[in-house]
Amino acid sequence: MVYADDYLAGFEHKREAERYYKEMQERLSKYGLEIETSKSRLLEFGRYAKERRKRRGEGKPENFDFLGFTFYCGENQAGKFCVKPKTNGKRIATKLKEMKQWLKYNRTTPLKVLMPILNQKLLGHYRYYGLIYNIQSLVKYHYYTTQLLYRWMNRRSQKKSYNWEGFRQMLEHYPLAYPKKYFNLYA
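For the structure given in this document, a descriptive report is provided here. It should be emphasised that the depicted structure is a prediction, and the values quoted were computed from it without experimental measurement.

Thresholds applied
- Residues numbered from 1 in each chain as written.
- Predicted model: local features only at pLDDT ≥ 70, side-chain atom pairs only at ≥ 80, totals over all residues.
- Heavy atoms only, no water.
- Core = buried A, V, L, I, M, F, W, Y, C linked by side-chain atoms within 4.5 Å.
- Buried < 20%, exposed > 50% of the residue type's maximum accessible area, 1.4 Å probe, protein only.
- Helix = DSSP H or I, 4+ residues; strand = E, 2+ residues; numbered from the N terminus.
- Contact = heavy atoms within 4.5 Å.
- Pairing = 2+ DSSP bridges.
- Axes fitted to C-alpha atoms, helices over the stretch in contact; angles between N-to-C directions.
- Expected span 1.5 Å × (residues − 1).
- Parallel < 35°, antiparallel > 145°, perpendicular 65-115°, else oblique.
- Left-handed = near helix turned anticlockwise from the far one by under 90°.
- Nonpolar A, V, L, I, M, F, W, Y, C, P; charged D, E, K, R; others polar.

## A short note on the nonpolar core
When a protein is soluble and globular, its nonpolar side chains tend to lie buried together.
Here comes step 1: Core analysis: the biggest nonpolar cluster contains 30 residues, and Met99, Leu103, Met115, Leu118, Leu122, Leu149 and Phe167 have the highest contact counts within it.
Here comes step 2: If you list the elements that add at least two residues to this core, you get strand E1 (64–66), strand E2 (69–75), helix H3 (89–105), helix H4 (111–129), helix H5 (135–153) and helix H6 (164–173).
Here comes step 3: Contact partners of Leu122, with chain neighbours within four places excluded, come to Met99, Tyr141, Thr145, Leu176 and Ala177.

## Topic: the sheet that holds strand E3 (residues 81–87)
Here comes step 1: What the 3 strands build is an open sheet, ordered E1-E2-E3; its pairing is antiparallel. Two strands in the sheet have a free side with no partner beyond their single neighbour: E1 and E3. Direction aside, the axes of adjacent strands within the sheet are offset by 40° on average.
Here comes step 2: The pairing of E2 with E3 spans 7 bridges and is classified as antiparallel. Bridging from a neighbouring strand, Phe69 pairs with Thr87 of E3.

## Considerations on helix H1 (residues 14–30)
Here comes step 1: Compared with an ideal rise of 1.5 Å per residue, which puts 17 residues at 24 Å, H1 spans 25 Å between its outermost C-alpha atoms and is within 8% of the ideal.
Here comes step 2: Just past H1, the residue Gly32 takes up positive phi, approximately 75°.

## Here's the deal with the packing of H5 against H6
Here comes step 1: The contact between H5 and H6 brings their axes to 11 Å, and the two run at 110°. In terms of axis orientation, H5 runs roughly perpendicular to H6. In this structure, the crossing between H5 and H6 has a hand that is right-handed. For the pair H5 and H6, contact is made by Thr146, Gln147, Leu149, Tyr150 and Met153 and by Trp164, Phe167, Met170 and Leu171, respectively.
Here comes step 2: Taken together, the residues of the contact of H5 with H6 break down into 7 nonpolar, 2 polar and no charged.

And the structure:
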């Protein structure tokens, strides 16, 4: 079995998209390949999708998932159309589950060793998902990671290691990396 990478193809008119989809299926079949139909679809998206769908009584434009992001139609601060990304809900849940397991396994690691590694993990997440309009998802990830860290630091021994004030003081000495925007899709 041979696999190809994910990609998007955009068209102005529906008939062009349908023709492309049909021709792509024919071309791939020449080489014994096929499109993964569960991951492929034609959807109305873009600047005029909201107006067109409203006229037909169909509600908001659909969104789509691509490379760990959910893309949806939105507006910038000036009120102009733009495509907005946010971290895919399933992806963020998976990442938080992985973080929970990692913190649980490493809860007895000394803080001077643990915190730099944790910050590297956070920075890796922020740098991948740090797109414009996605800061809310990054802040959410930071918040839940902080909650998990507090939880697992308090399970180091039989007695509670930190109250919230003590935990804040520890974070002043070993601060957690805070999210920021790394990429602007529109610059």
